[in-house]
Amino acid sequence: GNSVTQMEGPVTLSEEAFLTINCTYTATGYPSLFWYVQYPGEGLQLLLKATKADDKGSNKGFEATYRKETTSFHLEKGSVQVSDSAVYFCALQWMDSSYKLIFGSGTRLLVRP
Amino acid sequence: DTGVSQDPRHKITKRGQNVTFRCDPISEHNRLYWYRQTLGQGPEFLTYFQNEAQLEKSRLLSDRFSAERPKGSFSTLEIQRTEQGDSAMYLCASSFQGASETQYFGPGTRLLVL
């Protein structure tokens, strides 16, 4: 079936460090891929997305490239800030009539000053 | 554009009571989704509407759960005879069919069943 696997957290970094959060997926066909971010006590905010192979999604310094050959969509940022501390969810969009999202279990990021 | 809103934000109830949550999607969005998120996990799909029609329900949606979207605008999710295992964050999302299909989420309703 369709699934998303994310690296387990928490990931603890110092401010200005480089961030990578790994995400791999299993799916039939060619799903769209997303990263959402969740701050404490809040809902999910769309961070970035990619709809086809080799697309790069980017937003607020975060980037992720849709790699069909490795079925991956790793999230990267060159220099993290304390305000980036949150839980990050990778998701695939199942391309049937519902377009429902299938999420990974989330990766908590803690950035220390 | 005020985004997706949900009410209430928090609900504490006793086991066996009924609860109802409301979701107001982004006004021009015709698709509406409900997800459930338990502590430390990603959201899981419960059900979705296209306009007023409920087109898919997950196996997670037991007979105690019912959702409606009577006029194709706001939606309600009711849980009857709540159980402690229903404690979770209930998230609503909406999207516009035929565009990017990107889903935008509300702030969620956190339910605690005592």
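Look a little higher up for the structure.
Values in this document were obtained by computation on a predicted structure and should not be read as measured data.

1. Some details on the sheet that holds strand E3 (residues 19-24) of chain B
All names here are of chain B. If you trace the four strands from one edge of the open sheet to the other, you get E1-E3-E8-E7, paired in antiparallel fashion. Each of the sheet's edge strands pairs with one partner strand only, and the pair in question is strand E1 (5-7) and strand E7 (65-68). Each strand axis lies, on average, 15° off the axis of its neighbour in the sheet, ignoring direction. With five bridges joining them, E3 and strand E8 (residues 75-79) adopt antiparallel strand pairing. The residue bridging Thr20 from the neighbouring strand is Glu78, located in E8.

2. Quick look at the layout of surface pockets
A volume near 400 Å³ is recorded for the largest pocket. Along its surface, the largest pocket is lined by 21 residues, and Gln38(A), Val87(A), Arg108(A), Gln37(B) and Gly40(B) are the ones closest to its centre. Grouping the constituent residues of the lining of the largest pocket by class yields seven nonpolar, 10 polar and four charged. Computed from the structure, the second largest pocket encloses a volume of approximately 250 Å³. Lys100(A), Leu101(A), Ile102(A), Phe103(A), Pro43(B), Glu44(B), Phe45(B), Ser58(B), Arg59(B) and Leu60(B) are the residues that line the second largest pocket. Every element with two or more residues in the lining of the second largest pocket is listed here: strand E11 (101-103) of chain A together with strand E5 (44-50) of chain B. Top element by residues in the lining of the second largest pocket is E11(A). It accounts for three residues. Its residues placed into classes, the lining of the second largest pocket shows six nonpolar, one polar and three charged.

3. As for the environment of Leu114(B)
All names here are of chain B. Relative to the elements of secondary structure, Leu114 occurs in the segment after strand E11 (109-113). Considered as a pair, Leu114 and Gln84 are 30 residues apart in the sequence and their alpha carbons are 6.3 Å apart. Leaving out residues up to four positions away in the same chain, Leu114 has contacts with Ile12, Thr13, Lys14, Arg15 and Gln84.

4. Things to note about the pattern of salt bridges
Throughout the structure, instances matching the rule amount to eight salt bridges over all chains. As a salt-bridge pair, Glu63(A) and Lys56(A) come within 3.7 Å of each other at their nearest N and O atoms. Salt bridges sharing partners connect three or more residues here, namely Arg64(B), Glu83(B) and Asp86(B).

5. Remarks on the sheet that holds strand E9 (residues 75-77) of chain A
All names here are of chain A. Taken in spatial order, the four strands line up as E3-E9-E8-E7 in an open sheet, and their pairing is antiparallel. Both outer strands of the open sheet, strand E3 (19-21) and strand E7 (56-59), are each paired with one neighbouring strand and no more. Between one strand axis and the next, the sheet turns through 15° on average, direction left out of account. In this structure, E7 lies alongside strand E8 (residues 62-65), joined through four bridges in antiparallel fashion. Along E8, the bridge assignment pairs Ser58 with Glu63.

6. Comments concerning the nonpolar core
If you look at the biggest cluster of nonpolar residues, it comprises 25 residues, and the most contacted ones within it are Leu19(A), Trp35(A), Leu48(A), Phe73(A), Leu75(A) and Tyr88(A). Secondary-structure elements contributing two or more residues to this core are strand E2 (11-14), E3, strand E4 (23-26), strand E5 (32-38), strand E6 (44-50), E8, strand E10 (86-93) and strand E12 (107-112) of chain A. If you tally residues by element for this core, the top one is E10(A), at four residues. Each residue touching Leu75(A), except ones within four places of it in the same chain, is listed here: Leu19(A), Thr20(A), Ile21(A), Trp35(A), Leu47(A), Leu48(A), Phe62(A), Glu63(A), Ala64(A) and Tyr88(A). Core analysis: the next-biggest nonpolar cluster, separate from the first, contains 19 residues, Phe21(B), Cys23(B), Leu61(B) and Ile79(B) among them.

7. Details of the pairing of E8(A)
Residue and element names in this part refer to chain A. Linkage of E7 to E8, two consecutive antiparallel strands, is achieved through a turn of two residues, within which Lys60 is found at a positive phi near 55°. Relative to E9, E8 runs antiparallel, the two being bridged by three bridges. Paired with Glu63 across the two strands is Glu76, which belongs to E9.

8. Some thoughts on the interface of chain A and chain B
Taken residue by residue, the interface counts 20 residues in chain A and 22 residues in chain B. At the boundary of chain A with chain B, total buried surface from both sides reaches about 1600 Å², with 52% on carbon and sulfur atoms. The tally of links between chain A and chain B comes to one salt bridge. A salt bridge links Lys100(A) to Glu56(B); its shortest N-O distance comes to 2.7 Å.

The rules we used
Residues numbered from 1 in each chain as written. Chains lettered and ligands numbered in written order. Predicted model: local features only at pLDDT ≥ 70, side-chain atom pairs only at ≥ 80, totals over all residues. Heavy atoms only, no water. Pairing = 2+ DSSP bridges. Helix = DSSP H or I, 4+ residues; strand = E, 2+ residues; numbered from the N terminus. Axes fitted to C-alpha atoms, helices over the stretch in contact; angles between N-to-C directions. 1 Å grid on protein atoms, 1.4 Å probe; cavity = no way out; pocket = protein on both sides within 12 Å on 5 of 7 lines; lining within 4 Å. Points joined across faces, edges and corners; volume = space filled by probe spheres on them. Nonpolar A, V, L, I, M, F, W, Y, C, P; charged D, E, K, R; others polar. Contact = heavy atoms within 4.5 Å. Salt bridge = Lys/Arg side-chain N within 4 Å of Asp/Glu carboxyl O. Core = buried A, V, L, I, M, F, W, Y, C linked by side-chain atoms within 4.5 Å. Buried < 20%, exposed > 50% of the residue type's maximum accessible area, 1.4 Å probe, protein only. Buried area = accessible area lost by both parts, 1.4 Å probe.

So, to be careful, I would describe these as geometric facts and stop short of saying anything about function.
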